[in-house]
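# Remarks on the overall topology
Below, each chain spelled out in residue letters.
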Amino acid sequence: MNLKWKRLAALLAVMTLVAAACGRDDSSSSSDDSGSSDTTDSGGDEASGAFIDPSIDCADYEGTAGIDGDTIKIGTIRPADGPYAIYDQVTTGLDAWVTSVNSEGGIKAGDGNTYKVELIKENDSYDPGKTPALAQKLVEQDGVFAIVGTIGTENNLAIRDYLNDACVPNIALATGSTNWGDADQYPWYISGLPSYALEANYWADYIADTKPEAKIALLYQDDDFGTAYQKALTKAVERSNNDNGTTLEIVGEQGYNPLSGTTTEAAVTSLSQTGADVFIVGIGGTPCPQTLTFIPESWAPETYISVTCAGNTAMSLAGGKDVGVIQAQATLDPADPADADQEAVKEFKTKGAAAGLDEGQLDGGITSVGWGFGSFFGMLVENTDKVERADIMNTAFSLDQPAFGLVRPDIEIKTDGAADPWAIEGFRIAQRNADGGWDELGPVKNRNGESNELAG
Amino acid sequence: MRSTTPNWLRWGGGALIAVVLIALPFQFEAFRVNQFITWMCIAVAAAGLNLLTGYNGQISVGHGALYGLGAYAAAILVTRTTVPMLLTIVIAAVICFVAGVAIGLPALRIKGLYLALVTLAVAVLFPALVEQFSSLTGGGRGLALVVPQEGCPRGRPECPVRWESPFGGLENDQWRYFLALAITVVAFVLVANLVKSRVGRSLVAIRDNDIAAESSGINVSRTKIITFGVSAAIAGVGGGMLALLNGNPRVNPTSFTLLVSIYLLVAVVVGGASTVIGPAIGALVYGVFTDVIGPELPGRFENATPVILGVLLIIQMLVAPNGIVGQFKEIQAKMASRRSGGAPEVHNGATPVERDTP
Amino acid sequence: MNDFLEVLVVGLGNGAIYAMLGLGLVVIYRSTGLLNFAQGELAMFSTFIVWTIWNAGVPMWLAIIGGMFGGFLIGILLHQVAVSPLGDPHEKPLAVVIVTIGLFLALNGAAQLIWGTVDKRLPPLFGTGQVTIGGVSIQWQKIGSLLVLAAMVGLFLVLFQRTKVGLAMRAVASNSESAGLCGVPVPRILMLGWGLAAATGTVAGVFTAPQLGLGTNLMQLTLIFGFAAITLGGFDSILGAVVGGMVVGVLSSIVPQYVSAFERMPLAPAFILILAVLLFRPQGLFGSKQVQRV
Amino acid sequence: MPLLDIQSVGVHFGGVSALDGLSFSIDEGQLAALIGPNGAGKTTLFNVVSRIYDADEGSVTFDGEDLLALPAYRIAELGVGRTFQNLALVPGLSVLENVIVGAHSRSTGGFWTAALRFPQLAEERRLVARAMEVLERLGLADLAQRPCAGLPFGTLKRIEFARALAGEPRLLMLDEPASGLTHGEVDELGDLIRQIRTEFDLTVLLVEHHMSMVMALSEKIVVMDLGSKIAEGSPAEIRDNPAVISAYLGAST
């Protein structure tokens, strides 16, 4: 019947596309397998006040699983070996946060109790094929209360249906994929990062303000992460030209596949010939700072880099070419002398050191992200009157409070269920200086509730 | 080739193993059961590789790619067509057969170390290929095994395909386990029949002495190509099982990197190349190290599993190149000959065919 | 046009690295007749040694020599412990492939255990400066890599053609049995081949690390390009490795820029090259005809 | 019509001729021998007939069929069996299995039927029975289940013989079957060849250095040197041929 025909049509459409595009097909294809990432209108919200009502969605709801007396058990999944094992550093930060909290006696929750935290770490080698069994282990065998700070968009996608159907919170995902904007259908997920799409809009806005006739060269990672930048930026440029009369133009675009085995050098070189005066590096991990080293001297564009390659560890790989790059920042950089006086930074450095982090980890900018995920979870527990799974999520989706952890002080933490599922929606624009710090070019602006709408 | 194991031991052992295999999903948590399913997928893919590399002597360092092809083929068929799920695994096998034949053709001319080189490149190329055809495969984002259906949670239009047990009382993971077990047993029985048959003898004959084989009437080229195809098809079945049965609602290119190809080789060699049950034992060793022992290693050494497997592979190759099963058989044979007195010396009975050099 | 020239320069720079890695592979092939699948990981490992020494405050050039020496020792050790007990690689190609793949896994994992998971920074040997010639920017590092490559080739040519050791290596490679009968200390020569190859790999690693970042996956994919280079040039040809490396470097940089089907897989031209050469000219462009068809 | 007809066959490796315009023929039922010094091209001829080497010129017909037009694996099926000078057994298989491999062209069954086993069972039983028969005939029956690896050289030669017979050949080509055997064993082998030939109704082409055996056994002898035929005839004729004496007998003894 109807369904069958639809699928047959889809198959035909895809086959035609493949034939027509002869391999290069992503940009011309509108089919999106994840299917749900684009649906953002929240439509049928529950009539009841709370965002999640476990009596409706959860068959065998166990709201307090993982809480044993005064201990909350949480789990996390990350790559500890293999090519992506660098992200293990994020988990090191989360682990240090747990150590630190426990050494202070625990988190004082909204219900008046003080809870210690127990963290169970699993290793999926960044293979999303392994993540589901590990999530299952954490939930069913270890009986964790929530999953916190799990690494990888694909890895989190692999356990999304399972965790949502089991009504287990997945808090502070270590990814800003636009997939996490779908709290209507997946209310047990909340990202620990700002949306990649929102970040791209901050770049676009700043460019429109300062260089209304900018010619933009874009290098993006050819996966969920990079294409989020690419789509959002394209849309933002169009909107700015329509609404503000700018004449921004994307004059060159190159995708980079991190599994391809080459560097971005050829792509950068090619982009350098486009005459662009703005260069956007929508690339994460080590290839990001490497890309900076490939910019030829004959090309001096204003360069923007992804938030994922901030921090000392990444920037130190740029061989001095990091000076002058521009970034949208949502968090404090512990290595930035300008941020050194911030209370949150001081606190992180003292407590982190006490919890066993070394100087490289404290300043590196990767470990502090994990610390931030811990703070996120801690903040939710503090704000929840009754520490139950659904209540934690309801807290997460009705936040209205000042910044927590290492989030920049002027950023407002606001959420509102499916209408605004993003906790962190503010950035400042800053430029890397020669002292290993950042000079502020534009102060923090908050764009609460706009992340989903601004996605491409 | 003929086993020296006494009959009572074979039947008794077999019955014991059967009981254990059936009891497992009732004794372990669901996540373990899912890991067992993954091990079975690896065992099946390794059995395919063993047919090619162990029995036929054609080296492949790229079977992870065929494993991946099988997984993607099954996943795409399930999400985009109405083909029944188990049938998609069969179609995936057929697709992999064709791919295997395509690789097998150049393998007629490219042998030994050079074939290893080419297949290595295939393994490395596979994730990039997935990326290249991203409209079909979902690219780096992975492919969600979701289909439009009624009654998905929270009014989602699509949700992951599910295996519902037609028999009451079985949990979802247990039912998937038994489906996987059934496919695995069938795959191993087929391979066992194959290697004990006329075809199996010709595979070994080609491996050990292709000229003698040809002179005995074996069509060496054809057999080698079909072996590549059949081996690929079996690896594809493993991949199809992985996509549909291991409880993961998505298929991702990062699950089919070069490392997977290497681990398949580890399973074959450590378990026992050119023994029927070897790949299963090897997959078990791999699984136990990665999923059971690895996570228990103390903090700093938690990521030592690859080193352990690498060293294990080398040691196995140096000390007992016939793998665990081969070693076991050797010990058995030794004990048997000690009982009957007189230990047979082991000499290689073949030398290469002569050429008179003018 | 500049566009093309710029990308061409990128390709030549990469090509130099592939050629360096290829040289190590050729040395092993020439002395022991095998393709070393662990060559890339060996190079990665010794590059980490370079980093360790450099990080301790030793000047870079000295650190590189230290790394090469370390690589040399590790190469020898691995050959003695894992490879040589297998016997003739032509008799048992499967065993050799499997052992070198085991080394691949073990070296990679060991590096991660020793040096951790965070990429290290190894500065470019020739700095980050650039020179502009006719509107085309060229990094000094690239020019440097070509010079180093030239020096290495010179050394190897002298080694193989002018020295007793080189002659012995050639003899062992072409027929180890009769070389042994002529009084060549075969096991020692094989061992030396592995050591030399590992030392050569260090240089390739030192040039790759500033580009890719020094992590444990430094050479995993670079190795395929190195293999493509020597397949094209001929498994036993020093000059072939250089020419092959350059061709592969240029192809894998230029083709994806102009052929959209290869945009996401710069590896594909290298793969096609490997396949085509092995099928139609197995000895490569400069190799001696000895790829056997038994 | 001769059973095997070799006409002006030439094989050249680079600039060197391994065979150069070689012609001779064998009649059905004949027991013929091919002799000549090392490097004369005897094994090369075997390899041409069994299609391991390509002939650069000339023709080879077997029972009227052009062998050079066929791929190597079809040769056994036509009824040409052979043994190898330095043995070409499959060490990974048992003695029995090696012999069954020899009957490959006399059996059927591909990947599908093999994997499903049942359609194959009767065939398999027939093959085992037949192979056992051959092994028994050659006095090897009690070794049937042993792996080939580890058996003495003389036994292995016999297994090769058995394997060739299992293919039910009409023409059996034996490449130095007596090499490495003791005197007594050589005599035994001669008797065996003679008996087998009658029993199995074979035409035999023999390459052998043991002149006494050749002379005693053969009905026709072809003498080769440097890739060409220098003489052909009955043992008596060959013994008296001056060319043979100078080129071969004189040179080698």
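These numbers come from a predicted model, not from an experiment.

## Considerations on the overall build of chain B
Scanning chain B from terminus to terminus reveals 14 helices and four strands. Compactness check: chain B gives a C-alpha radius of gyration of 21 Å against a globular reference of 21 Å for 358 residues, within 12% of the reference. Summarising its shape, the C-alpha atoms of chain B cover approximately 75 × 50 × 45 Å along the three principal directions. By residue count, 64% of the 358 residues in chain B fall in the buried class. For chain B, restricting intrachain contacts to residue pairs at least 6 apart in sequence, the fraction spanning at least 24 positions comes to 75%. With 24 positive and 17 negative side-chain charges, chain B shows a spacing of 4 Å between the two charge centroids.

## Details of the overall build of chain A
Assigned secondary structure in chain A consists of 16 helices and 16 strands. When burial is assessed residue by residue, chain A has 62% of its 456 residues classed as buried. In chain A, of all internal contacts separated by at least 6 residues, the share reaching a separation of at least 24 is 67%.

## With respect to the packing of helix H6 (residues 164-174) of chain C against helix H8 (residues 186-212) of chain C
Residues and elements named next belong to chain C. Two elements in contact, H6 and H8, have axes whose closest approach is 10 Å; the angle formed by their N-to-C orientations is 105°. The angle between H6 and H8 places the two elements in the roughly perpendicular class. Facing H6, whose interface residues are Val-165, Ala-168, Met-169 and Val-172, H8 presents Val-186, Ile-189, Leu-190, Leu-192, Gly-193 and Leu-196. Within the contact of H6 with H8, the residues separate by chemical class into nine nonpolar, one polar and no charged.

## Here's the deal with the packing of aromatic side chains
All names here are of chain A. Applying the stated criterion across every chain yields a total of 31 aromatic pairs over all chains. Both rings, one in Tyr-84 and one in Tyr-126, keep their centres 4.3 Å apart while their planes meet at 25°; by these two values the pair is stacked. Note that Tyr-84 is positioned in the loop between strand E2 (71-78) and helix H3 (88-103) and Tyr-126 in the loop between strand E4 (114-123) and helix H4 (131-141), a separation of 42 residues in sequence. By relative accessible area, which is 21% here, Tyr-84 ends up partly exposed.

## Points about the sheet that holds strand E12 (residues 326-329) of chain A
Residues and elements named next belong to chain A. Spatially, E9-E8-E10-E11-E12-E15-E16 is the arrangement adopted by the seven strands of the open sheet, whose pairing is mixed. With one partner strand each, in any of the chains shown, strand E9 (249-256) and strand E16 (438-446) form the two edges of the open sheet. Between one strand and the next, the sheet's axes are offset by a mean angle of 20°, whatever the strand orientation. Relative to E16, strand E15 (residues 426-432) is paired through six bridges, and the arrangement is antiparallel. Following the sheet pairing, Gln-431 is matched in E16 by Asp-439. With respect to the sheet, helix H7 (residues 196-210) is in contact with strand E8 (215-221), strand E10 (278-282), strand E11 (302-305), E12, E15 and E16, its orientation differing from that of E15 by roughly 60°.

## Some thoughts on the interface of chain B and chain C
Often, the extent of an interface is quoted as the loss of accessible area on bringing the components together. With 44 residues of chain B at the contact, the number on the chain C side is 50 residues. In total, chain B and chain C occlude about 4,100 Å² of area from one another, counting both sides; carbon and sulfur atoms represent 80% of this. Of all residues in chain B, Leu-113, Tyr-114 and Leu-117 of chain B bury the most surface against chain C, accounting for 18% of the area lost on that side. Linking chain B with chain C are zero salt bridges, by the criterion used here. Between chain B and chain C we count two residue pairs in polar contact (both at pLDDT 80 or more) in total. Contributions of two or more residues to the side of chain B that touches chain C are made by helix H5 (112-132), helix H11 (258-271) and helix H13 (305-319) of chain B. Broken down by element, the residue count for the side of chain B that touches chain C peaks at 15 residues, all from H5 of chain B. Among the residues forming the side of chain B that touches chain C, the class breakdown is 33 nonpolar, six polar and five charged.

## A short note on the nonpolar core
Among the nonpolar cores identified, the biggest contains 217 residues, and Met-241 of chain B together with Leu-35 of chain C are the most heavily contacted of them. Beyond its immediate stretch of four places on either side in the chain, Leu-35 of chain C contacts Leu-113, Tyr-114 and Leu-117 of chain B together with Tyr-29, Thr-100, Phe-227, Ile-230 and Phe-235 of chain C. Judged by nonpolar contacts, the second largest core, of 93 residues, contains Val-381, Val-387, Ile-424 and Leu-454 of chain A.

## Digging into the pairing of strand E2 (residues 16-26) of chain D
Residue and element names in this part refer to chain D. Direction of pairing for strand E1 (residues 4-13) relative to E2: antiparallel, over a ladder of seven bridges. Directly across from His-12, in E2, lies its bridge partner Ser-17. Between the end of E1 and the start of E2, which pair antiparallel, lie two residues, with Gly-14 showing a positive phi angle near 60°.

## Thoughts on empty space enclosed by the protein
Taken as a whole and judged by the stated rule, the model has 17 cavities of 30 Å³ or more. What the second largest cavity holds in volume is close to 260 Å³. Along its surface, the second largest cavity is lined by 24 residues, and Thr-293 of chain A together with Pro-124, Gln-141, Pro-210 and Gln-211 of chain C are the ones closest to its centre. With four residues, the top contributor of residues to the lining of the second largest cavity is H8 of chain C. Residue classes in the lining of the second largest cavity are distributed as ten nonpolar, eleven polar and three charged.

## Re the layout of surface pockets
In this structure, the second largest pocket spans a volume of roughly 1,200 Å³. Forming the walls of the second largest pocket are 46 residues, and the residues nearest its centre are Gln-136, Tyr-162 and Asp-165 of chain A together with Arg-162 and Asn-172 of chain B. For the lining of the second largest pocket, the per-class residue count stands at 24 nonpolar, nine polar and 13 charged.

## Describing the environment of Thr-61 of chain D
Residue and element names in this part refer to chain D. Structurally, Thr-61 is set in strand E4 (residues 57-62). As a C-alpha pair, Thr-61 and Gly-233 span 172 residues in sequence and 21 Å in three-dimensional space. Aside from chain neighbours lying at most four places away, what touches Thr-61 is Leu-3, Leu-4, Asp-5, Asp-66 and Leu-67.

## Some details on the sheet that holds E1 of chain D
Residue and element names in this part refer to chain D. Within the open sheet, the four strands sit side by side as E2-E1-E4-E5. Their pairing is antiparallel. Both edges of this open sheet fall to E2 and strand E5 (65-66), since each of them pairs with a single strand only. When E4 meets E5, the two strands line up antiparallel, connected through two bridges. Opposite Phe-62, over in E5, you have Glu-65 as the bridge partner.

## Quick word on the packing of helix H2 (residues 30-55) of chain B against helix H10 (residues 220-245) of chain B
Residue and element names in this part refer to chain B. It is at 7 Å that the axes of H2 and H10 come closest, and there the two elements cross at 175°. Put simply, H2 runs roughly antiparallel to H10. In this structure, H2 uses Ile-37, Thr-38, Met-40, Cys-41, Val-44, Ala-45, Ala-47, Gly-48, Leu-49, Leu-51 and Leu-52 to contact H10, whose residues at the interface are Thr-227, Phe-228, Val-230, Ser-231, Ile-234, Ala-235, Val-237, Gly-238, Met-241, Leu-242 and Leu-245. Here the contact of H2 with H10 is built from residues that sort into 17 nonpolar, five polar and no charged.

## Comments concerning unusual backbone geometry
Residue Tyr-126 of chain A is not a glycine yet carries a positive backbone phi of 65°. The exposure class of Tyr-126 of chain A is buried, given its relative accessible area of 15%. Within the chain, Arg-51 of chain D stands out as a residue other than glycine whose phi angle is a positive 65°. Topologically, Arg-51 of chain D is positioned in the loop between helix H1 (42-49) and E4. Relative accessible area serves as the criterion here: at 15%, Arg-51 of chain D is assigned to the buried category.

## Some details on the interface of chain D and chain B
Contacts between the two partners involve 49 residues from chain D and, on the opposite side, 42 residues from chain B. Of all residues in chain D, the largest losses of buried area upon contact with chain B belong to Tyr-73, His-104 and Phe-111 of chain D, amounting jointly to 20% of the total for that side. In this structure, Glu-124 of chain D and Arg-201 of chain B form a salt bridge, with 2.8 Å as the shortest nitrogen-oxygen distance. At the level of secondary structure, the elements contributing two or more residues to the side of chain D that touches chain B comprise E2, H1, helix H2 (72-78), helix H3 (95-102), helix H4 (111-116), helix H5 (121-137) and helix H6 (153-166) of chain D.

## Focus: a positive patch on the surface
Residues Arg-10, Lys-196 and Lys-329 of chain B together with Arg-117 of chain D make up a contiguous surface patch of positive charge. Position of Arg-117 of chain D among the secondary structure elements: in the loop between H4 and H5.

## Points about the pattern of salt bridges
Residue and element names in this part refer to chain A. Using the criterion set out here, one finds 36 salt bridges over all chains in the structure. Across the salt bridge formed by Glu-122 and Lys-137, the nearest N and O atoms sit 2.6 Å from each other. Of this pair, Glu-122 sits in strand E4 while Lys-137 sits in helix H4, and the two are 15 residues apart along the sequence. You can call Glu-122 buried: its relative accessible area is 5%. For Lys-137, a relative accessible area of 12% translates into the label buried.

## Regarding the environment of Arg-198 of chain B
You can see Arg-198 of chain B is positioned in helix H8 (residues 198-208). The class of Arg-198 of chain B is buried, set by a relative accessible area of 13%. Sequence-wise, Arg-198 of chain B and Ala-23 of chain B are 175 residues apart; in three dimensions their C-alpha atoms are separated by 36 Å. Beyond its immediate stretch of four places on either side in the chain, Arg-198 of chain B contacts His-104, Ser-107, Thr-108, Gly-109 and Glu-124 of chain D.

Scoring rules and cut-offs
- Residues numbered from 1 in each chain as written.
- Chains lettered and ligands numbered in written order.
- Predicted model: local features only at pLDDT ≥ 70, side-chain atom pairs only at ≥ 80, totals over all residues.
- Heavy atoms only, no water.
- Helix = DSSP H or I, 4+ residues; strand = E, 2+ residues; numbered from the N terminus.
- Rg over C-alpha atoms; globule rule 2.2 N^0.38 Å.
- Buried < 20%, exposed > 50% of the residue type's maximum accessible area, 1.4 Å probe, protein only.
- Contact = heavy atoms within 4.5 Å.
- Lys, Arg positive; Asp, Glu negative; His and termini not counted.
- Charge placed at Lys NZ, Arg CZ, Asp CG, Glu CD.
- Axes fitted to C-alpha atoms, helices over the stretch in contact; angles between N-to-C directions.
- Parallel < 35°, antiparallel > 145°, perpendicular 65-115°, else oblique.
- Nonpolar A, V, L, I, M, F, W, Y, C, P; charged D, E, K, R; others polar.
- Phe/Tyr/Trp six-rings, centres within 6.5 Å; stacked < 30°, edge-to-face > 60°.
- Pairing = 2+ DSSP bridges.
- Buried area = accessible area lost by both parts, 1.4 Å probe.
- Salt bridge = Lys/Arg side-chain N within 4 Å of Asp/Glu carboxyl O.
- Polar contact = N/O pair within 3.5 Å; in protein donor to acceptor, adjacent residues only side chain to side chain.
- Core = buried A, V, L, I, M, F, W, Y, C linked by side-chain atoms within 4.5 Å.
- 1 Å grid on protein atoms, 1.4 Å probe; cavity = no way out; pocket = protein on both sides within 12 Å on 5 of 7 lines; lining within 4 Å.
- Points joined across faces, edges and corners; volume = space filled by probe spheres on them.
- Patch = residues over 30% accessible without salt bridge, like charges linked within 9 Å, V, L, I, M, F, W, Y side chains within 5 Å.
- Areas by Shrake-Rupley, 256 points an atom, 1.4 Å probe, with all protein chains shown as cover.

Read these as layout, nothing more, since geometry by itself doesn't imply function.
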